[in-house]
Each structure stands twice: as structure tokens, then as C-alpha cells.
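The chain contents come next:
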Amino acid sequence: MTVLLHIGYHKTGSTAIQEALPHIAPHLAEVGIDIPAGLSGWLGHPDLAWGFEGRDYPWQDRPYTRAEVEAHYRPQLDAAQAAGRTILLSSEEFCRLDFNPEPLAELAAFLRPYAPRVIGLVREPLAFLLSRWRHEVQMGGEARPLTHFLGDADNLLSADFERRTQVWRQAFGPRACAFHDYEAVCAPHGGSVLPGFLALIGAPHLAPLPAVPSSRERKLHPLLCDAMRGVTLSALPEEEKASLCDQLFDLGDRLPPLPLEALLDARPLPEALAAVLAHIRWAMINRGLLPRPACG
């Protein structure tokens, strides 16, 4: 019996994976992989992370305690162990434990009797931050221009996947952890993350699954991000803001597609920031988290 713990790092297809899991759960069960019921109304198993961290975030549906989540999950883990089945746990909230080594170590100790394996997808640091900025702009929560967002120390730390994954290797052991480049996982499947994820958990034959709906998340065209930032920062009534944002999404659907790197066409990175991002990228390459560039 094995526990597969998927750390749903932001902007690595985690929402798409968790939206798909309820639809493919019966197919996974046929190959011995079970998805336990959580306590939260959220996708996946965020309550497990919240209970061990012992901190109440504003977006939680309610507080959770470690004793409560242990009492909820242990019988399901024990039953799976007795039946020789695999349990899949997945949540974006697990990635917040990167910055809290003590509750992470406690979670590892709780899962250790069930032979846990940690799986995570990571991204090239600049691509990760560009995707984060766009997402937060279109959610109305980011007021800063792109270069100010990129230069924020906490944001740079969030893009340092070499450091973030190291704490998981320390807690669970390096042989129990497998981290993969998001782009490399998606590339063979036309940019879709689900088939690659199924391969990573040992169920590649389940893809494609036509019953799985597409992700509901809309992605704003790169050329329109500053326009949406201006709308959300304006003093317009909320109903008018929502209407204008919908129009920007619709306009973006009619524009020729562009990569996120187009955000930098009119605003090259400051030299010092480019050097920091290059350092993070090479640390990830040397750790084997990103492919090494081809020579020549």
C-alpha cells in the first residue's frame, strides 16, 4: 500500500487535476487507486494541510485541528493498507507547508506507516511568476505593475522550487520524492496536464478520458493584463467592472494567441532581477528539476 501525496504547486495545473479527479475516481479505483473523502468543501484535501499547520487562513471554509484530520483520515488509510490499495491525496494547500518545516515533519510522521510518495510539478521561475501575475491580476488582487511584482522578495522565494522542494526531501526522504517539470509533463499531450499526471501516478492507460470536462478557468490574453489591472483598480461600480472584465476576456479570445513572455516585450527585466531569476533557474537545473539547455 502507498500514499501518493500530490503537492499542488500554484500554476502547475493543480486546479485542472483536482477538478478532474472526481470524474475519474471510478476509473482510478479499478486500478487500485482510491481518492478518500475530505472534510472540506474544497477540491482535494486541503483540510489535511490546514489541520497540521494549525493556522486559520481567511479562505478556509472553517477551522481544522490536527486531531480532527488525523481521526478522519487514519481509518481510510488503515483500510487501504489492509486491502493493499493506494491512496491519492491532492491539494494546493500542501505547498504552503514548504514554509513551515515543523508541521511538514509532523505530516510526514503521520503518513510514514503508509509508505508515502510525494509528487509535485514545478515550473521555470520566470514562467511561474508571469503566470501568477496574470492570474492575480484577473482575480482583481494585484495592483502592482509586472516588474514590481517580479521583484518582490516573497514572490521570488515562491519561484525558488529548488529550495521549496528541498524541505519535502528532508521531511519524507529524497527517495520518496519525485518532482517534474510542468512543461515537460504537458508537452507530449498538447499542453494538457492530466494525461501526464496520470502517467506519474501509474495510470497512463486512463488517458484520454472524454468524460472529463475542461477546466473552468479562463486565461486573459497577455496584451490585455494591464487594461484589466486598470479596470479593477478604478473607482467604477463593481457591476461595471465585472462587465468590462468579461469584455476583455472576450476580446482576448479573438486576438492571435501569444506566449506569456510577451508581457516582457515592452518592459525588459532589470539586470539585477534577471540575474536572480537566472540563479534560481540554474539551481533548479542542477537539482534535476528542469531540463538542461541543449548545447550549441
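Higher on the page you've got the structure.
Attention in this report is confined to the structure presented alongside it. A quick note: this is a predicted structure, and the numbers were derived from the prediction, not measured. (Residues numbered from 1 in each chain as written. Predicted model: local features only at pLDDT ≥ 70, side-chain atom pairs only at ≥ 80, totals over all residues. Heavy atoms only, no water.)

1. A few points about the overall build of the protein chain
(1) Moving on: A tally of helices and strands in the protein chain yields 13 helices and 5 strands.
(2) Moving on: Rg of the C-alpha trace for the protein chain: 20 Å, near the compact-globule value of 19 Å for 296 residues, within the 12% margin.
(3) Moving on: Considering only C-alpha atoms, the protein chain reaches an extent of 60 × 50 × 40 Å along its principal axes.
(4) Moving on: Burial status across the protein chain gives 48% buried among its 296 residues.
(5) Moving on: Of all intrachain contacts in the protein chain linking residues separated by at least 6 positions in sequence, the fraction that spans at least 24 positions is 75%.
(6) Moving on: Accessible surface for the protein chain amounts to roughly 14100 Å². Of this, 56% is attributable to carbon and sulfur atoms.
(7) Moving on: When the 27 basic and 35 acidic side-chain charges of the protein chain are each reduced to a single mean position, those positions are 5 Å apart. (Helix = DSSP H or I, 4+ residues; strand = E, 2+ residues; numbered from the N terminus. Rg over C-alpha atoms; globule rule 2.2 N^0.38 Å. Buried < 20%, exposed > 50% of the residue type's maximum accessible area, 1.4 Å probe, protein only. Contact = heavy atoms within 4.5 Å. Areas by Shrake-Rupley, 256 points an atom, 1.4 Å probe, with all protein chains shown as cover. Lys, Arg positive; Asp, Glu negative; His and termini not counted. Charge placed at Lys NZ, Arg CZ, Asp CG, Glu CD.)

2. Points about the packing of aromatic side chains
Each aromatic ring pair is characterised by the separation of its centres together with the angle its planes make.
(1) Moving on: Scanning the model with the defined rule gives 7 aromatic pairs in all.
(2) Moving on: The interplanar angle of 80° and the centroid separation of 5.0 Å between the aromatic rings of Trp42 and Trp50 together place this pair among those described as edge-to-face.
(3) Moving on: In this structure an aromatic cluster arises from ring pairing among Tyr9, Phe128 and Phe161.
(4) Moving on: The ring of Tyr57 has Arg96 sitting right over it, with the charged end atom 5.5 Å from the ring centre. (Phe/Tyr/Trp six-rings, centres within 6.5 Å; stacked < 30°, edge-to-face > 60°. Lys NZ or Arg CZ within 6 Å of the ring centre and 35° of its normal.)

3. Things to note about unusual backbone geometry
(1) Moving on: In this structure, Lys11 is a non-glycine residue whose phi angle is positive, near 60°.
(2) Moving on: Mapped onto the elements of the fold, Lys11 is located in the loop between strand 1 (3-7) and helix 1 (14-30).
(3) Moving on: With a phi close to 55°, Ala115 is a non-glycine residue in the positive phi region.
(4) Moving on: Mapped onto the elements, Ala115 comes out in the loop between helix 4 (101-111) and strand 4 (116-122).
(5) Moving on: You can call Ala115 partly exposed: its relative accessible area is 39%.

4. Section: helix 12 (residues 238-254)
(1) Moving on: A rise of 1.5 Å per residue sets the reference length of helix 12, with its 17 residues, at 24 Å; its end C-alpha atoms lie 25 Å apart and thus fit the reference within 8%.
(2) Moving on: Burial in helix 12 covers these residues: Lys241, Cys245, Leu248, Phe249 and Gly252. For helix 12, the angular spread of buried residues about the axis comes to 100°, placing them on one side. Exposed and facing more than 90 degrees away from the buried side of helix 12 are Glu239, Asp253 and Arg254.
(3) Moving on: For helix 12, the elements touching its buried residues are helix 5 (125-138) and helix 11 (225-233). (Expected span 1.5 Å × (residues − 1). Arc of directions from axis to C-beta.)

5. Quick look at the side chain of Ser131
(1) Moving on: Structurally, the position occupied by Ser131 is in helix 5.
(2) Moving on: Its relative accessible area of 6% is what places Ser131 among the buried residues.
(3) Moving on: Among the polar contacts made by the side chain of Ser131, one reaches the side chain of Arg123 at a distance of 3.5 Å.
(4) Moving on: Setting aside chain neighbours within four positions, we find Ser131 in contact with Lys11, Arg123 and Leu260. (Polar contact = N/O pair within 3.5 Å; in protein donor to acceptor, adjacent residues only side chain to side chain.)

6. Side note on the pairing of strand 1
(1) Moving on: Counting buried positions over the 5 residues of strand 1 gives 5, a clear majority of the element.
(2) Moving on: Here strand 1 runs beside strand 3 (residues 86-91); their pairing, made up of 5 bridges, is parallel. Directly across from Ile7, in strand 3, lies its bridge partner Ser91.
(3) Moving on: By the bridge criterion, 5 bridges tie strand 1 to strand 4 in an arrangement that is parallel. The residue bridging Ile7 from the neighbouring strand is Gly120, located in strand 4. (Pairing = 2+ DSSP bridges.)

7. What about the sheet that holds strand 3?
Two modes of strand pairing occur in sheets, parallel and antiparallel, and in both the strands are linked by backbone hydrogen bonds.
(1) Moving on: Strand order across the open sheet formed by 5 strands is 2-3-1-4-5, with parallel pairing between neighbours. In this open sheet, the two edge strands, each paired with only one partner strand, are strand 2 (33-34) and strand 5 (177-181).
(2) Moving on: Looking at chain direction, strand 2 and strand 3 are connected through 2 bridges and run parallel. Considered in strand 3, the bridge of Asp34 is made with Ile87.

8. Here's the deal with the nonpolar core
(1) Moving on: Phe94, Trp168 and Phe172 are the most contacted members of the largest nonpolar core, which totals 64 residues.
(2) Moving on: With 6 residues, the top contributor of residues to this core is helix 5.
(3) Moving on: Apart from the residues lying within four places of it in its own chain, the contact partners of Phe94 are Leu5, His6, Ile7, His45, Leu48, Ala49, Leu89, Leu107 and Trp168.
(4) Moving on: Counting residues in each nonpolar core, the second largest holds 20 residues, with Leu4, Ala20, Ile24 and Ile33 among its members. (Core = buried A, V, L, I, M, F, W, Y, C linked by side-chain atoms within 4.5 Å.)

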